[in-house]
Each structure stands twice: as C-alpha cells, then as structure tokens.
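An overview of the molecular structure
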Amino acid sequence: MSASAPAPHPGARLLLVEDDRKLARLLADYLGSNGLSVHCVHDGAEGYARARSEPWDLVVLDVMLPGMDGLSILQRLREESNLPILMLTARGGESERIHGLEGGADDYLPKTVSARELLARVRALLRRAGSAPLAEAPKALEVGDLRLDVGARSVQQAGQRLALTPVEFDLLLALAQRRGRVCSREQLLEQARDRSFDGIDRSIDVHIASLRRKLGDDPKQPHYIRTVRTAGYLLVDPEAA
C-alpha cells in the first residue's frame, strides 16, 4: 500500500481486552498507527461491561483474564450479539482453538502471532462484517425455508431470525450461492476467512458444525447441509430433491 493510500476501515472502533498491559499497549499502538481506534481494558468483568455498553466494530479478547475469563465473556456476548470477536491465547493448541471457535469466536490466534498478521485478520473480520453485497449478488436468497438478506446480513428460517456469527453467515451465503453444488473447504475458507487454506485448518468444520446446530440440522440425515466426503459441503437444493 502506498503512503498516500487511505487506511482500510478508518476509525473502526476496536475493544482490546488483554491483561498484559505491555502487550496491550504494543498492539494498540500498532493497530492505531494503521487507522484503527483501539481502546484497552485489562480486566475480564470490565471488558464484558464495556463490550455490552458501547458500540464496537470488533472485540479482540484474551482467553486468560482476571475477573472473568475470555471464554465466559465470549459465551455471554454470543447470547446477546453477533459482534465480531477475535480470541487471543497464550495456549495455542488445536483443542483450545476448536473450543473457542465452537463457542462462537470468529477467529482464534496465539499471542505469538505477529502484529502484522493480527492486523490482517482484524481487517478481514471488519471487511466481512461491514461489507456491502457484491454488485452481482441478489439482495436476498431463498433456499427452502431459509431466507438470506444479503444487505442486512441476516437469516430467517421459517420466518424466525437466526443468530449467526459473521463467519457463519458468510459460510451459509457461500453455500446458498452454490446451492446443490459442492463447496470445497478451500473455497469456503477463501470466502469466509479471507486467507489461504493451510492444509490442516479445521475451523471450517467447526463453524459448519455450529451452523448445523443453529439450523437444527442432523448431519446424519441432513435437511440443509450435506457433507460430501473428501470434497466439502453442499447446501441441499429442495427444488432438486
């Protein structure tokens, strides 16, 4: 990017909940120098209160926090909001990561991640959460009893609104746009996470499992999302059934 190019998402408000004050300041300075408005909180309970009481574009949430741990905050926020949430943890094992994604996190990174990659992930989440629909995309998609409002980024199932995370919405939209056709994990990762498939990333499977739960779908006898072994997933087209 040239020096004269405007920063993506200028002024986007980001809440950073991190008890390591030195790390929080380093990240806030870096993200702030790249056009984001970063506010730091160092206690879990205060972070939860701030996340609920003020308008934010994204929350970056540490797992290990005093007062209230990050996973508890994530769970409570997911009961109330679809606000994009990126988790940071000193424990970057696969089981920890999957646990966070299953809890509704939109992304999950170890604290060893570079500030540059963190910025890229933050920008991807902001881009996804605030993006306008593609010019060629319809304003709404209907598949069976599902209705996706692309502009409002909302989904109704038989007239009832579903509480989906930004990632879950993007996955369902990708599947709906190709209904009746298989979407590979690579394709879903490219659309839903704005980064390349790394060959071992299981996060798509975790998000699909969460999406199925919200749809009330049985993976063994799917009404909506079918697994195609070694190939990916497809959204069942009721008109072709």
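Residues numbered from 1 in each chain as written. Predicted model: local features only at pLDDT ≥ 70, side-chain atom pairs only at ≥ 80, totals over all residues. Heavy atoms only, no water.

1. Topic: the pairing of strand β7 (residues 146–149)
Of the two faces of β7, the one holding Leu146 and Leu148 is buried and the one holding Arg147 and Asp149 is not buried anywhere. Direction of pairing for strand β6 (residues 140–143) relative to β7: antiparallel, over a ladder of four bridges. By the bridge assignment, Leu141 is partnered in β7 with Leu148. Following β6, the chain reverses through two residues before pairing antiparallel with β7; Gly144 in that reversal takes a positive phi of roughly 60°. As paired elements, β7 and strand β8 (residues 154–157) share four bridges and run antiparallel to each other. Paired with Arg147 across the bridge in β8 is Gln156. If you look at the hairpin formed by β7 and β8, you'll find four residues sitting between the two strands, and Arg153 has a positive phi there, around 55°. (Buried < 20%, exposed > 50% of the residue type's maximum accessible area, 1.4 Å probe, protein only. Helix = DSSP H or I, 4+ residues; strand = E, 2+ residues; numbered from the N terminus. Pairing = 2+ DSSP bridges.)

2. Observations concerning the UniProt feature "modified residue: 4-aspartylphosphate" (unreviewed entry) in the protein
Summarizing the sequence annotation, UniProt attributes the feature "modified residue: 4-aspartylphosphate" (unreviewed entry) to Asp62 in the numbering used throughout. Relative to the assigned elements, Asp62 resides in strand β3 (residues 58–62). In contact with Asp62, other than residues within four places in its own chain, are Val17, Glu18, Asp19, Gly70, Leu88, Thr89 and Lys111. (UniProt positions renumbered as here; feature names shortened; annotations may be inferred. Contact = heavy atoms within 4.5 Å.)

3. Some words on the sheet that holds β7
The strand order across the open sheet built from four strands is β6-β7-β8-β9, with neighbouring strands paired in antiparallel fashion. Sheet topology places β6 and β9 (160–162) at the edges, where each strand pairs with a single neighbour. Put simply, the sheet's adjacent strands are angled 25° from each other on average, direction ignored. Both β8 and β9 contribute to a ladder of three bridges, which runs antiparallel. From the neighbouring strand, Gln157 faces β9, where its bridge partner is Gln160. Contacts between helix α6 (residues 166–177) and the sheet are confined to β6, β7 and β8, with β7 contributing the most and set at about 110° to the helix. (Axes fitted to C-alpha atoms, helices over the stretch in contact; angles between N-to-C directions.)

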